[in-house]
Amino acid sequence: MVPLQVKCLTTDHSLMDREQHITPPNPKDEVLRKIGRNLLIFQQIEGLLKMILGNSKVQGYARTLALHQEQRIDRMQKDMMGQLIQRYFDEILSSSDEEPQGPGDLREPWLSSSFKITIDAAVAENQLEAFEMMREERNRLVHHFLPYWQPDSPENLIQASDYLDKQREKILPIWEHLKVVAETMQQARQELAGYVASNEFGQQLELLWLQQSPLIQLFCDIAMQIGRSDGWACLAHAGKLVHMQLADDAAQMNATYGHHSFKKMLIASNLFEIWDKALPDGGSRTFYRIRKS
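Not measured: the values here are computed from a predicted model.

Novice: Can you walk me through the overall build of the protein in this structure?
Specialist: Across its full length, the protein carries 12 helices and 5 strands. Within the protein, counting contacts between residues at least 6 apart in sequence, those at least 24 apart form 70% of the total. Accessible surface, the protein as shown: approximately 17600 Å² in total, 52% of it carbon and sulfur.

See the structure below:
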C-alpha cells in the first residue's frame, strides 16, 4: 500500500502580516507580497486536493497495489482545478454507498479501501459553492488581475491591496477545511496500515481468499444441487464432481491453499459443517453441508 505523504507548506500568514506593521511597507511592494501570498494559498489548496484524491481510493490485486496507486496519483497531477473540485465532491463528499466492484474472476487477493466524509446534502451544496467561489477567485488573480496593477497610482494600489486581503479571507476557510481532511485521512490510513500489518488481518485475508476460491464456491454449488433435504452432501461424490469440473485447481490445491485434502480445505474455510458418519464395517463416510448463518 502506498504510504500517505502529506506535504503541506504551512506559511505563517499572521506572522507575515505582523511584520508589516513594524516598518511601513512600500505600497507597490505590499501589493506584490499579497499577490504572492494569495497565490501560495491557491497552490496549497490545489496540492491538498490532489493529495487527498490521489490517496482516497486504493484498490487492486495485492501484488500490484502499490503500482496502481502510484499511477492514480500521477494521473491526478494533470487535472485542472475545476476537475479536482468535481472529483472531490463526487468521491469524498458523495452520499453514495456504492461498493467498489472487483474483477469477476479473482485468482489472487484483491484489496479495496476508500475514504469518504459523510455530511448533510445541504452542507455539501454550500461547500461546493464555496469551492467554486475559490476557483473563480483563483482565476481572477491568475488571469484577470492586471487591470488592478497600476503601480503609479497610490489610490489603485490601496484598492488592489484591499482586494487581495478580502480575497485571502474568502479562501482561507477552504484551505483550513482541506488541511483538516488531509490530517484526518492521514490518521485513518495510519490506523489501516497498522491493521494490515497485524496477524489478524493476515489471517482474515487468507480466510477470505479461501472462501472466495473457485473450489470452495463449487463445493457450495454442489451442496445445494445434490444435498439431501437436510442439506448434507456426500463429500466423496462432491469431490469427484470437483475433479471433473476444476481438475487443474484441484491438482494445485495444496500449492495454492496449503491443504492436502478437500475435507481439510472445507474445514479451514469455516463455511461448512462436517459429519463423519460411521459405517457398519467400521469405516466412515464424510458428509458436509453449508453452515447456517
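Okay, back to it.
Novice: What should I look at first to understand helix H12 (residues 262-269) in this one?
Specialist: Of the positions making up H12, those classed as buried are Phe-262, Met-265, Leu-266 and Ser-269. The buried side chains of H12 occupy one side of the element, clustering within an arc of 100° when seen end-on. Asn-270 sits one or two positions beyond H12 and adopts a positive phi of about 65°.

Novice: In this structure, what is going on with the sheet that holds strand E3 (residues 233-234)? I would like to understand it.
Specialist: In space, the 3 strands of this open sheet follow the order E3-E5-E4, with antiparallel pairing throughout. The outermost strands of the open sheet, each flanked by one partner alone, are E3 and strand E4 (272-278). In this sheet, strand E5 (residues 284-290) lies alongside E3 in antiparallel orientation, the contact comprising 2 bridges. Counterpart to Cys-234 in the pairing with E5 is Phe-287. In the packing of H12 onto the sheet, contacts are made with E4 and E5, and the angle to E4 comes to roughly 140°.

Novice: I tried to follow helix H5 (residues 121-143) on my own but got confused; where do I start?
Specialist: Two residues of an α-helix separated by three or four positions point the same way, owing to the 3.6 residues in each turn. The terminal C-alpha atoms of H5 lie 33 Å apart, and with 23 residues this matches the ideal 33 Å at 1.5 Å per residue to within 8%. Of all the positions in H5, only Ala-124, Phe-131, Met-134, Glu-137 and Leu-141 are classed as buried. As for H5, its buried residues are in contact with helix H2 (27-56), helix H4 (81-92) and helix H6 (154-196). You can read the cap of H5 off the contacts: a side-chain oxygen lies 2.8 Å from the backbone nitrogen of Ala-122, and it is on Asp-120.

Novice: What exactly am I supposed to notice about the packing of aromatic side chains here?
Specialist: Two descriptors summarise a pair of aromatic rings, namely the distance from one centre to the other and the angle between the planes of the rings. Taken as a whole and assessed by the stated rule, the structure comprises 12 aromatic pairs. Each ring, one from Phe-89 and one from Phe-131, has its centre 5.3 Å from the other, and the planes form 85°; the classification is edge-to-face. Taken together, the residues span a long stretch of sequence, with Phe-89 in helix H4 and Phe-131 in helix H5 at a distance of 42 residues. Judged on exposure class, the residue Phe-89 and its partner Phe-131 are both buried. Members of the aromatic cluster, each reached through a chain of ring pairs, are Phe-219, Phe-262, Phe-272 and Tyr-288. Taking the ring centre of Trp-175 as reference, the NZ or CZ of Lys-179 above it sits at 4.0 Å. If you follow Arg-228 out to its NZ or CZ, it ends over the ring of Phe-287, 5.4 Å from the centre.

Novice: What is the right way to look at the pairing of E4 in this model?
Specialist: Regular strands have side chains that alternate between both faces of the sheet. Two strands pair when backbone bridges link them, and E4 and E5 are joined in this way by 7 bridges, in the antiparallel orientation. Each residue of the ladder has a partner; that of Glu-273, found in E5, is Arg-289. Between the end of E4 and the start of E5, which pair antiparallel, lie 5 residues, with Gly-282 showing a positive phi angle near 100°.

Novice: Help me understand the pattern of salt bridges in this model?
Specialist: Where side chains of opposite charge bring their charged atoms close, a pairing between them can arise. This model, assessed by the stated rule, comprises 17 salt bridges. The partner of Glu-176 in a salt bridge is Lys-179, with the nearest N and O atoms 3.6 Å apart. Taken together, the positions of Glu-176 and Lys-179, both in helix H6 and 3 residues apart, correspond to about one turn of that helix. A residue is classified by how much of its surface remains accessible, and Lys-179, at 16% relative accessible area, is buried.

Novice: Even after reading the chapter, I still don't get the environment of Leu-157, so can you show me in this structure?
Specialist: With respect to the element layout, Leu-157 can be found in helix H6. For Leu-157, a relative accessible area of 6% gives the class buried. The spacing of Leu-157 and Glu-30 is 127 residues in sequence and 8.8 Å in space, taken between C-alpha atoms. For Leu-157, the contacting residues outside a window of four places in its chain are Pro-27, Lys-28, Val-31, Trp-149, Gln-150 and Pro-151.

Calculation criteria
- Residues numbered from 1 in each chain as written.
- Predicted model: local features only at pLDDT ≥ 70, side-chain atom pairs only at ≥ 80, totals over all residues.
- Heavy atoms only, no water.
- Helix = DSSP H or I, 4+ residues; strand = E, 2+ residues; numbered from the N terminus.
- Contact = heavy atoms within 4.5 Å.
- Areas by Shrake-Rupley, 256 points an atom, 1.4 Å probe, with all protein chains shown as cover.
- Buried < 20%, exposed > 50% of the residue type's maximum accessible area, 1.4 Å probe, protein only.
- Arc of directions from axis to C-beta.
- Pairing = 2+ DSSP bridges.
- Axes fitted to C-alpha atoms, helices over the stretch in contact; angles between N-to-C directions.
- Expected span 1.5 Å × (residues − 1).
- Polar contact = N/O pair within 3.5 Å; in protein donor to acceptor, adjacent residues only side chain to side chain.
- Phe/Tyr/Trp six-rings, centres within 6.5 Å; stacked < 30°, edge-to-face > 60°.
- Lys NZ or Arg CZ within 6 Å of the ring centre and 35° of its normal.
- Salt bridge = Lys/Arg side-chain N within 4 Å of Asp/Glu carboxyl O.

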